[in-house]
Amino acid sequence: MPALLIVAWYIRKHSHHESTSLQTLRAATQEGMIEPPTLHPEIDPTKCIGCTNCVQACPEQGSHQVLGMIRKKAHLVGPTNCIGHGACKAVCPANAITLVFGTSRRGVDIPLVKPDFETNVPGIFIAGELGGMGLIRNAVEQGRQAMHSIGQLLKSSHRNQLDVVIIGAGPAGICATLAATEAGLKHVTLEQEELGGTVAHFPRRKLVMTQPAVLPIVGEMRFKEVQKETLIEFWRNVERDTGIKINYNERVDAIEPAPNGGFAVRTTRRNYNTRAVLLAIGRRGTPRKLDVPGEELDKVVYRVIDPQQYCNQRVLVVGGGDSALEAATSIAAEAGTTVTLSYRSAAFSRAKAKNRKLVEEMSESGRLRVLFNSNVKQILAEAVEIATEQGDEMIANDAVVVSAGGILPSAFLRGIGIHVETKWGTE
Ligand SMILES: Cc1cc2nc3c(=O)[nH]c(=O)nc-3n(C[C@H](O)[C@H](O)[C@H](O)COP(=O)(O)OP(=O)(O)OC[C@H]3O[C@@H](n4cnc5c(N)ncnc54)[C@H](O)[C@@H]3O)c2cc1C
Ligand code: SF4
């Protein structure tokens with residue numbers, strides 16, 4: 001009898017898991033969320049023995065279902081939630097998992113980087129997720145190692161030139177800045193947004209799974225499981241206690257060879273002359289700007305992290321893609337908000353049906369105002385001016401969210417002359 005009960009419990013548990021996996025896969029397919037953003041497992045069904053080790057090993061499984069079992073074989077059921085931990089491959093006893101970039105439908109650009117992190121352009125190095133390997137620990141390690149290689153290359157300092165410009169203050173850039181400070185290299189670190197890189201954009205209170213890593217000057221970063229806010233706070237303390245300096249809100253627009261050797265790094269504020277450059281810019285790219293007067297005001301942002309922060313505010317969202325529609329509807333759902341969605345075209349033809357429908361419903365019920373064929377003319381402290389089909393309109397405003405797409409790092413890399421390889425589901 002006890003044996004029968006155990007068998008019944010086992011069958012029930014597995015059929016429940018299978019139906020959840022199928023539901024997750026169907027939802028992902030319906031919403032078009034089928035392209036993994038980075039390194040991800042490709043599972044060979046002829047080798048998979050259905051042991052479920054990979055499903056249990058996936059560190060993301062607690063917050064999202066990434067891997068699931070369907071007909072006793074492992075499947076990537078939540079592809080867009082896979083961030084490339086690679087824990088699944090390590091535990092597979094049947095060697096059924098290969099970690100790959102891109103898929104047969106969507107290529108992923110990976111820059112060619114030598115083992116010392118230098119690219120094909122001598123003096124330009126890459127560390128962190130931009131090089132293909134995701135995860136905070138890898139970014140930290142690579143930031144440290146790449147700066148060590150740069151230090152080896154430079155040996156002595158030049159009087160009128162920086163030794164290195166570090167671009168990006170995510171995990172790789174922070175660690176590289178610590179390493180440059182420790183090595184006594186003349187450097188600046190430039191960050192277009194804020195400290196923490198992609199981590200600063202994680203959803204509120206996201207549980208971050210990481211591995212201990214060594215930070216120059218500071219010592220071991222001991223975290224394994226940590227809330228996003230605690231990790232950002234840790235880095236703020238590191239910045240304060242070590243005295244490292246990061247130039248925030250300064251975006252690098254171009255890197256060109258300098259006439260006297262080295263590079264001219266052009267930013268939104270000035271030019272820097274440097275002997276080496278470390279690109280620690282991740283893979284999210286640079287948000288496209290509106291280029292209108294007032295865009296430099298603090299109330300203008302390019303991503304929504306927490307819709308709740310807009311409670312009781314008058315918000316303008318600009319754009320017509322999924323991220324703009326999601327930003328507008330999530331903010332409009334918050335108490336006391338007055339939301340206007342401005343788009344320069346006549347219809348949201350690029351957005352998913354689900355998002356279009358929600359915008360339509362909210363617009364009909366008066367929760368959201370949509371202005372098609374409109375363009376922002378200027379942003380003022382308490383208003384925005386918009387050119388509409390009916391003429392120019394001044395709207396009272398507390399916050400602006402620009403979701404107008406972005407410039408991908410691969411275009412930036414190619415512009416500098418760095419070789420980039422497109423991977424279509426290959427290692
Ligand atoms: C939803 C999600 C969840 C994740 N969860 C985890 C997790 O639990 N554990 C884990 O280990 N990893 C996780 N990751 C992956 C992890 O966040 C990244 O691998 C890591 O942040 C990469 O660090 P990085 O320094 O290479 O790049 P990033 O963190 O992306 O930082 C790059 C920085 O460069 C700046 N920049 C870009 N272009 C320019 C420019 N032109 N000028 C100036 N600055 C520029 C950006 O603003 C950014 O601050 C997750 C990723 C996502 C998307
Ligand atoms: S660990 Fe390997 S064998 Fe086991 S379910 Fe996953 S892919 Fe299949």
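Look above for the structure.
My aim in this report is to walk through the structure given alongside it, one point at a time. (Residues numbered from 1 in each chain as written. Chains lettered and ligands numbered in written order. Predicted model: local features only at pLDDT ≥ 70, side-chain atom pairs only at ≥ 80, totals over all residues. Heavy atoms only, no water.)

1. Description of the site of ligand 1
What counts here: What makes a residue near a molecule or strand is one non-hydrogen atom of that residue sitting within 4 Å of it. Polar contact is defined as a pair of N or O atoms within 3.5 Å, subject to the rule that within protein one atom must be able to donate a hydrogen and the other to accept it, and that residues adjacent in sequence are counted only when both atoms are side-chain atoms. Areas reported here follow the Shrake-Rupley algorithm with a probe of radius 1.4 Å; residue values treat only the protein chains shown as occluding. A run of H or I in DSSP counts as a helix once it spans at least four residues, and a run of E counts as a strand once it spans at least two, with each numbered from the N terminus. Residue polarity is assigned by list, with Asp, Glu, Lys and Arg as charged and Ala, Val, Leu, Ile, Met, Phe, Trp, Tyr, Cys and Pro as nonpolar; anything else, Gly included, falls into the polar class.
Close to ligand 1 lie 31 residues; Glu-129, Leu-135, Glu-191, Thr-198 and Met-209 are nearest. One of the side-chain nitrogen or oxygen atoms of Glu-129 is found 2.6 Å away from an oxygen atom of ligand 1. Within the backbone of Met-209, an N or O atom sits 2.7 Å from a nitrogen atom of ligand 1. Contact with the protein chains hides 90% of the accessible area of ligand 1, taken as 1000 Å² for the molecule alone. Where the shell around ligand 1 is concerned, the elements lending two or more residues are helix 4 (136-154), helix 5 (171-182) and strand 9 (207-209). Tallied by class, the residues present in the shell around ligand 1 amount to 14 nonpolar, 10 polar and seven charged.

2. Points about helix 6 (residues 228-242)
The criterion, for reference: For a helix, the expected span equals 1.5 Å multiplied by the residue count minus one. Throughout this description, buried means an accessible area under 20% of the type-specific maximum (1.4 Å probe, protein chains only), exposed means over 50%, and partly exposed covers the range between. Note that the arc is defined by the directions from the helix axis to the C-beta atoms. Residues are treated as being in contact if the distance between any of their heavy atoms lies within 4.5 Å.
Between its first and last C-alpha, helix 6 extends 21 Å over 15 residues, near the 21 Å set by a 1.5 Å rise per residue. Within the span of helix 6, buried status applies to Lys-228, Leu-231, Ile-232, Phe-234, Trp-235, Val-238 and Glu-239. Seen along its axis, helix 6 keeps its buried residues to an arc of 155°; they face one direction. Opposite the packed face of helix 6, turned more than 90 degrees from it, sit the exposed residues Arg-240 and Asp-241. Where helix 6 is buried, its residues touch helix 4, helix 5, strand 9, strand 10 (213-215), strand 11 (219-221) and strand 12 (225-227). Just beyond helix 6, the residue with positive phi is Gly-243, at close to 75°.

3. Concerning the environment of Arg-105
With respect to the helices, strands and loops of the structure, Arg-105 is situated in the loop between strand 4 (97-100) and strand 5 (108-111). With sequence-adjacent residues up to four places away left out, Arg-105 is seen in contact with Ile-34, Glu-35 and Trp-424. Looking at Arg-105, its side chain comes within polar contact range of the side chain of Glu-35, at 2.8 Å.

4. A look at the sheet that holds strand 23 (residues 391-396)
Short version of the rule: What makes two strands pair is DSSP finding at least two bridges between them. Axis definition: a line fitted to C-alpha atoms, limited for helices to the stretch in contact. Angles are taken between N-to-C directions and run from 0 to 180 degrees.
Read across the open sheet, the three strands follow the order 21-22-23; overall the sheet is antiparallel. In this open sheet, the two strands that pair with only one neighbour each are strand 21 (375-379) and strand 23. Taken over all neighbouring pairs, the strand axes of this sheet differ in orientation by 25° on average, direction set aside. Across six bridges, strand 22 (residues 383-388) lies against strand 23 in antiparallel orientation. Considered in strand 23, the bridge of Ala-383 is made with Ala-396.

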